[in-house]
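Here is what each chain is made of, one letter per residue.
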Amino acid sequence: MEDMILYNRLQFAFTITFHYLFPQLTMGLSLMIVYFKWKFLRTKIDDYNHAAKFWMKIFALNFTMGVVTGIPMEFQFGTNWAKFSELTGGIIGQTLAMEGMFSFFLESSFLGMFLFGEKLLGHKLHFLSGLMVFIGSWASGFLIIATHSWMQYPVGYEIVENGKFVLNNFTALFNNPWLWPSYLHNQAGSLITSSFFVAAVGAFYLLSNKHSRFGKMFVKTGVIFGVISSIVVAFPTGDMAAKNVVKYQPVTFAAMEGIFKTEKGGSEIVLIGQPDMQNKKLDNKIAVPNVLSFLTYQRWDAEIKGLNEFDESIHPTNIPGLYYGYHIMAGLGTIFIAIMLTATFLLWKNRLFQTKWLLWILMFMIPFPYIANTAGWYTAELGRQPWLVYNLMRMVDGVSPTVSSGNTLFTLLGFVGLYILLGLLFLMLVLKIIRKGPESQIVLNN
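Each chain carries its own residue numbering, running from 1 in the direction its sequence is written. Reporting of local features is limited, given that this is a predicted model, to residues whose pLDDT is at least 70; pairs of side-chain atoms are given and counted only at 80 or more, and all residues count toward the totals for whole chains, interfaces and linings. Here the side-chain values reflect all heavy atoms present in the structure, with hydrogen atoms and water set aside.

Caption draft 1: Seen up close, unusual backbone geometry. Cis geometry is adopted by the peptide bond preceding Pro 236, which originates at Phe 235 and carries an omega value of 15 degrees. Helix and strand labels come from DSSP, where a helix needs a run of H or I of at least four residues and a strand needs a run of E of at least two; each type is numbered from the N terminus. Mapping Pro 236 onto the fold places it in the loop between α9 (212-234) and α10 (237-248). Looking along the chain, the bond that leaves Gln 385 and enters Pro 386 is cis, with omega of 15 degrees. Of note, Pro 386 is situated in the loop between α15 (367-384) and β5 (387-389).

Here it is in structure tokens:
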């Protein structure tokens, strides 16, 4: 049974990690595309229109990959996690169905209009189609996170005699106190990914002396969106999400911060350290006294419960993974703020486009927002363990009893091989679009 659960978790972890590489770019990029098209309508400068169409091509590739890699996850609910789907399908099935029926179709329909309908629609309706793509992509994220939030903090339900969860308050799903902080935090993280991506492509153009005017536009836009989203992801959204964990999952918060013993007189914030699970402590730690208490409760002497206050049966099952995931996310988030603030200052001073060392940094930062967003999701998922539905259903109670560990391992290897091929094909196509550049659009349209 333990092997079966392990392989089921590994398979879902791999498929969802690979899948989320794509939505996190499309959600943020959809807003930036709307911005470029709006700028064109306002200024009548053709470069903004060409920029919008250039980025919509990359958006379309991301969207396609997101669909292709998202469908297997839907099937895994019924194959690997059949008991979970059977018992909770009356609740999570509603939000997942709404995501597919409304958001996905809205996004995909208007994406086709934006890609192929500019001449037919005219510029104003073309802008509206881009706006609808943005609304569809963000609504899709909202409904997925509404599902996830219910698993983290279940509301509006009752459990009937056969053990199934039944929704008795539909509005409670969308008034869940866990939902809005998580959603806003996630969308800010998505915008960080797209901002760094756009800025990196612009930096590449400037450093290679190709498509220079688009390079300046992309760097400027990426930095402006990036500095705002990098700050917002930390405060207020990150702060609100963390306070939800403190309030509703205090044992998770203790594991995230590496607090093994309750500290009297205020808790320190750990900057660096390694969990020692045998001795229940952090090794080689660098910490600042009392700061965590202040950030959490706005009091320097506030007490934060350590893991020793909770029964070990409800401790997160992978405390080191949770601890490192959280600190990787928080550490990279701090670096993003520093980079974007520096870039914003140089942009204000009209020196950014000539500052090659910072352009190189922007270009090579492309993978790190992906890493930070992935680490953030690992923090959320590992923090909920050992529960599938927090405090109501454990992992062992949701797994499919008829799917063997061998079958799961075999299909996992198949997913790995197939997704590597898909990933390489995706990179080849994106790099081809970037090498061509937005200026090729001008030649085609003249």
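Caption draft 2: A look at the packing of α9 against helix α13 (residues 319-348). Axis definition: a line fit to C-alpha positions, over the contact stretch in the case of helices; interaxial angles, taken between N-to-C directions, run 0 to 180 degrees. Running from N to C, α9 and α13 cross one another at 140 degrees; their axes reach a closest spacing of 9 Å. Classified by the interaxial angle, the pair formed by α9 and α13 is oblique. Like other packed secondary-structure pairs, α9 and α13 cross with a definite hand, here left-handed. Counting all contacts with α9, which are made through Lys 220, Gly 222, Val 223, Ile 224, Gly 226, Val 227, Ser 230, Ile 231 and Ala 234, the residues of α13 involved are Phe 336, Ile 337, Met 340, Leu 341, Ala 343, Thr 344 and Leu 347. Class assignment for the residues of the contact of α9 with α13 results in 11 nonpolar, 4 polar and 1 charged. Oblique is the label for every angle not falling under 35 degrees (roughly parallel), over 145 degrees (roughly antiparallel), or within 65 to 115 degrees (roughly perpendicular). In this scheme the handedness of a crossing depends on how the near helix is turned from the far one: anticlockwise by less than a right angle means left-handed, clockwise means right-handed. Pairs of residues are marked as contacts when any of their non-hydrogen atoms sit within 4.5 Å. For this classification, the nonpolar set comprises Ala, Val, Leu, Ile, Met, Phe, Trp, Tyr, Cys and Pro, the charged set comprises Asp, Glu, Lys and Arg, and every other residue, Gly included, is treated as polar.

Caption draft 3: Structural detail: the packing of aromatic side chains. We call Phe, Tyr and Trp rings a pair once their centres come within 6.5 Å, taking the six-membered ring for Trp, and we label the pair stacked below 30 degrees between planes, edge-to-face above 60, and tilted otherwise. Tallied over the full model, the rule gives 40 aromatic pairs. Look at Phe 134 and Trp 138: their rings are 5.1 Å apart centre to centre, the planes differ by 55 degrees, and that puts the pair in the tilted class. Linking Phe 134 with Trp 138, this pair stays in helix α6 (residues 123-152), spanning 4 residues, or about one helical turn. Residues Phe 142 and Tyr 183 carry aromatic rings whose centres are separated by 5.2 Å and whose planes lie at 85 degrees to one another, so their mutual orientation is edge-to-face. Note that Phe 142 is positioned in helix α6 and Tyr 183 in helix α8 (residues 179-207), a separation of 41 residues in sequence. No difference in accessibility class separates Phe 142 from Tyr 183, as the two residues are buried. Here a set of aromatic residues connected by ring pairs shows up, and it is made of Tyr 35, Phe 36, Trp 38, Phe 54, Trp 55, Phe 197, Phe 204, Tyr 205, Phe 214, Phe 218 and Phe 225. Charges are assigned to positions over rings by a cutoff of 6 Å between ring centre and Lys NZ or Arg CZ, combined with an angular limit of 35 degrees from the ring normal. We note Arg 394 situated over the ring of Trp 387; from NZ or CZ to the ring centre the distance is 4.4 Å. We call a residue buried when its accessible area falls under 20% of the maximum for its residue type, exposed when it is over 50%, and partly exposed in between, using a 1.4 Å probe and counting protein chains only.

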